[in-house]
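# Inside the fold
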Amino acid sequence: SEEAIASKYEKYMHTLAIIPTISIAVAGLPLTLYNNANLWCWIAAYPPTCDNDEGTHGHDWPCERGENAWLFRWTLFYAPLW
């Protein structure tokens, strides 16, 4: 029955959804990727003008935190989303 199938596979489905998302979220903490993105905290560089989509910016300001944030944003957020 449908209830038997749900009770058998529900714990695996929850694990499959929760473990990767928590792992990705926790990975950003030691890498200091979470910074102010004007509206909310997100995977961003600090100061905001230290890099752009290619990892470079017109200014010679070094990133204090979140270096290569654009790369981590694509690999940890957009790629799993697809």
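A separate point is helix α2 (residues 69-81). Taking 1.5 Å of rise per residue, the 13 residues of α2 would be expected to cover 18 Å, and the 17 Å separating its terminal C-alpha atoms lies within 8% of that figure. A maximum bend of about 30 degrees is found in α2 at T75.

We now examine the packing of aromatic side chains. How two aromatic rings sit relative to each other is set out by the distance from centre to centre and by the angle between their planes. Here the structure, examined in full by the defined rule, presents five aromatic pairs. Plain terms: the ring middles of W42 and F77 are 5.6 Å apart, the flat faces sit at 80 degrees to each other, and that makes the pair edge-to-face. Separated by 35 residues along the polypeptide, W42 in strand β2 (residues 41-43) and F77 in helix α2 bring together distant segments of the chain. Under the relative-accessibility criterion, W42 is labelled partly exposed at 25%. For F77, a relative accessible area of 35% corresponds to the partly exposed category. In textbook terms, an aromatic cluster arises when at least three aromatic residues are bridged by ring pairs, as seen for W42, W74, F77, Y78 and W82. The ring of Y46 carries R65 above its face, with NZ or CZ at 4.7 Å from the centroid.

Together, I18, I19, I22, V26, L29 and Y34 make up an exposed nonpolar region whose accessible area comes to about 560 Å². A total of four residues in the nonpolar patch trace back to one element, the largest contributor, which is helix α1 (residues 2-27). Following the sequence through the fold, L29 ends up in the loop between α1 and β1 (34-36).

Now for unusual backbone geometry. Geometrically, the link from Y46 to P47 is a cis peptide bond, its omega value of -5 degrees lying close to zero. Look at T32: it is not a glycine, yet its phi comes out positive at around 50 degrees. For T32, the location among the structural elements is in the loop between α1 and β1. Taking the relative accessible area as the measure of exposure, T32 reaches 36% and is therefore partly exposed. Positive phi, normally seen in glycine, also occurs at N38, with a value near 70 degrees. If you trace the backbone, N38 turns up in the loop between β1 and β2. Classification of N38 by relative accessible area gives exposed; the value is 70%.

Thresholds, definitions, all that
Residues numbered from 1 in each chain as written. Predicted model: local features only at pLDDT ≥ 70, side-chain atom pairs only at ≥ 80, totals over all residues. Heavy atoms only, no water. Helix = DSSP H or I, 4+ residues; strand = E, 2+ residues; numbered from the N terminus. Expected span 1.5 Å × (residues − 1). Bend = angle between axes of the 7 residues up to and from the residue. Phe/Tyr/Trp six-rings, centres within 6.5 Å; stacked < 30°, edge-to-face > 60°. Buried < 20%, exposed > 50% of the residue type's maximum accessible area, 1.4 Å probe, protein only. Lys NZ or Arg CZ within 6 Å of the ring centre and 35° of its normal. Patch = residues over 30% accessible without salt bridge, like charges linked within 9 Å, V, L, I, M, F, W, Y side chains within 5 Å. Areas by Shrake-Rupley, 256 points an atom, 1.4 Å probe, with all protein chains shown as cover. Salt bridge = Lys/Arg side-chain N within 4 Å of Asp/Glu carboxyl O.

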